[in-house]
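Observations on the model geometry
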Amino acid sequence: MAKVVIPKEDLYDLYVNQKLSFTKIGNIYNCSPGTIKNRLHENHIPIRSRAESLGHRLDLQLGFPLTAEMIIEKINEGMFIYEVADFYGVNRKAITKKLKKAGIKVSELENHQKRMDEHNRRTSKVFFSDPDRYKQQSKWLKELREKRTEETQLRYDTAHLRDYQEYKKVCQRIVDKHYGKKRPERMQYDHKYSVRDGYDNGVPAPILSHPSNLRLISAWDNNSKGNGSIITIRELYEGQGLNLESSMKQIEKRFKPCDFCGSEFEPRNSKHRFCNPKCNKNWQYHNKKNDPIR
């Protein structure tokens, strides 16, 4: 396939002046976004940071560049940050990021903070004066926390069914939960039974990143060790008081392959055959199409 040639002037105009994305420029020249990125590097055109790209995307969404001065003007009119966000139809974080980029901290806006404190005192007074409402809100928050905890745990338990990078990130998060993010200088926590072997053999992330499978070693030793394991999978499970065979049977029982795409999923009941409704429709379509009676 012939190399896609794009004049530097045209590339500079599209990317820098018009601020088009890799994808949009790629659509113009009928090539992939990666090709556009390579051409930018070849022509020494600086790549925008993620923050700059997101800021530009916000301006495209609004149809005009949103400035910190426009936000401050609305705040001076008596609006709160969330009200300014609602006014422009954007996320509240987008507003605070615009102010932060301009060197303005929301906590330093005295008038805004005074109005916010006053509003919080007024609403909390009304809220706590109604016992039933307080109990209802407390119950809802408790249920929400439990739901989020269950969802997080399920994400950790099923990480080995997704790609390796996702599994690796989840294992690191669990290590951080046990020991925090700070490490002694030039030291790292190493998995005795490695992350690579854990992913290849379907070990759930909470089992792999259990403290019994972790050791603190120097960064040099960890890098020189590579992806190898220094213990067996049986030693990994026995170190946590688990039986390897029964644990594997529980994992196999909990998940089954989708009848259409083959992806593993957690069935709601014994008759649950597909990982999502789309696979169900696709399976029905293909079976009707291949049915000789029809």
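Residues numbered from 1 in each chain as written. Predicted model: local features only at pLDDT ≥ 70, side-chain atom pairs only at ≥ 80, totals over all residues. Heavy atoms only, no water.

**Here we look at the packing of aromatic side chains**
The tally for this structure, following the rule as stated, stands at seven aromatic pairs. Here Tyr15 and Phe22 contribute two aromatic rings whose centre-to-centre distance is 5.7 Å and whose plane-to-plane angle is 15 degrees, an arrangement assigned as stacked. According to the relative accessible area criterion, Tyr15 is buried, its value standing at 3%. Each ring, one from Tyr167 and one from Tyr199, has its centre 5.6 Å from the other, and the planes form 50 degrees; the classification is tilted. Of the two residues, Tyr167 is situated in helix 10 (residues 164-179) and Tyr199 in helix 11 (residues 195-200); the sequence distance between them amounts to 32 residues. Among the aromatic side chains, those forming a connected cluster through ring pairs are Tyr164, Tyr167 and Tyr199. Across the ring face of Tyr15, the terminal group of Arg48 is positioned such that the distance to the ring centre comes to 4.0 Å. (Phe/Tyr/Trp six-rings, centres within 6.5 Å; stacked < 30°, edge-to-face > 60°. Buried < 20%, exposed > 50% of the residue type's maximum accessible area, 1.4 Å probe, protein only. Helix = DSSP H or I, 4+ residues; strand = E, 2+ residues; numbered from the N terminus. Lys NZ or Arg CZ within 6 Å of the ring centre and 35° of its normal.)

**Brief notes about the packing of helix 5 (residues 68-76) against helix 6 (residues 81-88)**
Here helix 5 crosses helix 6 at 120 degrees, and the two axes come no closer than 10 Å. Viewed along their axes, helix 5 and helix 6 adopt a mutual orientation that is oblique. Of the two possible hands of crossing, helix 5 and helix 6 adopt the one that is right-handed. Every residue of helix 6 that contacts helix 5 at Met70, Ile71, Lys74 and Ile75 is listed here: Ile81, Val84, Phe87 and Tyr88. Classifying every residue of the contact of helix 5 with helix 6 by side-chain character gives seven nonpolar, no polar and one charged. (Axes fitted to C-alpha atoms, helices over the stretch in contact; angles between N-to-C directions. Parallel < 35°, antiparallel > 145°, perpendicular 65-115°, else oblique. Left-handed = near helix turned anticlockwise from the far one by under 90°. Contact = heavy atoms within 4.5 Å. Nonpolar A, V, L, I, M, F, W, Y, C, P; charged D, E, K, R; others polar.)

**Considerations on unusual backbone geometry**
Despite not being glycine, Asn30 has its phi angle at roughly 55 degrees, a positive value. By the secondary structure assignment, Asn30 is in the loop between helix 2 (22-29) and helix 3 (33-42). By relative accessible area, Asn30 is classed as exposed at 68%. Phi at His44 takes a positive value of approximately 55 degrees, unusual for a residue other than glycine.

**Notes on the layout of surface pockets**
If you add up the space inside the second largest pocket, you get close to 420 Å³. Lining of the second largest pocket is provided by 19 residues; of these, Lys168, Tyr189, His191, Val195 and Asn222 occupy positions nearest its centre. For the lining of the second largest pocket, the secondary structure elements donating two or more residues are helix 10, strand 1 (187-191), helix 11 and helix 13 (219-225). Of the residues forming the lining of the second largest pocket, the biggest block, six residues, is contributed by helix 10. Among the residues making up the lining of the second largest pocket, the classes are represented as five nonpolar, eight polar and six charged. (1 Å grid on protein atoms, 1.4 Å probe; cavity = no way out; pocket = protein on both sides within 12 Å on 5 of 7 lines; lining within 4 Å. Points joined across faces, edges and corners; volume = space filled by probe spheres on them.)

**Remarks on the packing of helix 2 against helix 3**
Describing two packed helices takes the angle between their axes plus the distance from one axis to the other. At a minimum axis separation of 8 Å, helix 2 and helix 3 run at an interaxial angle of 100 degrees. Judged by the inter-axis angle, helix 2 sits roughly perpendicular to helix 3. Across from Phe22, Thr23, Ile25 and Gly26 in helix 2, the residues of helix 3 making contact are Pro33, Ile36, Lys37 and Leu40. A per-class count over the contact of helix 2 with helix 3 returns five nonpolar, two polar and one charged.

**A few points about the state of the cysteines**
Per the stated rule, a full pass over the model turns up zero disulfides. No disulfide involves Cys261; its sulfur sits 3.7 Å from the nearest other cysteine sulfur, which is in Cys275. (Disulfide = S-S within 2.5 Å.)

**Things to note about the pattern of salt bridges**
For the coordinates displayed, the defined rule picks out six salt bridges. As a salt-bridge pair, Lys74 and Glu77 come within 3.9 Å of each other at their nearest N and O atoms. For Asp200, the salt bridge goes to Arg196, with nearest N and O atoms at 3.2 Å. Residue Asp200 and its partner Arg196 are both found in helix 11; the two are separated by four residues, about one turn of the helix. (Salt bridge = Lys/Arg side-chain N within 4 Å of Asp/Glu carboxyl O.)

**What to know about helix 7 (residues 92-101)**
Buried residues of helix 7: Ala94, Ile95, Lys98 and Leu99, and no others. Projected onto a plane normal to the axis of helix 7, the buried residues spread over an arc of 135 degrees and lie on a single side. Opposite its buried face, helix 7 presents the exposed residues Arg92, Lys93, Lys97, Lys100 and Lys101, each directed more than 90 degrees away. Gly103 sits one or two positions beyond helix 7 and adopts a positive phi of about 80 degrees. (Arc of directions from axis to C-beta.)

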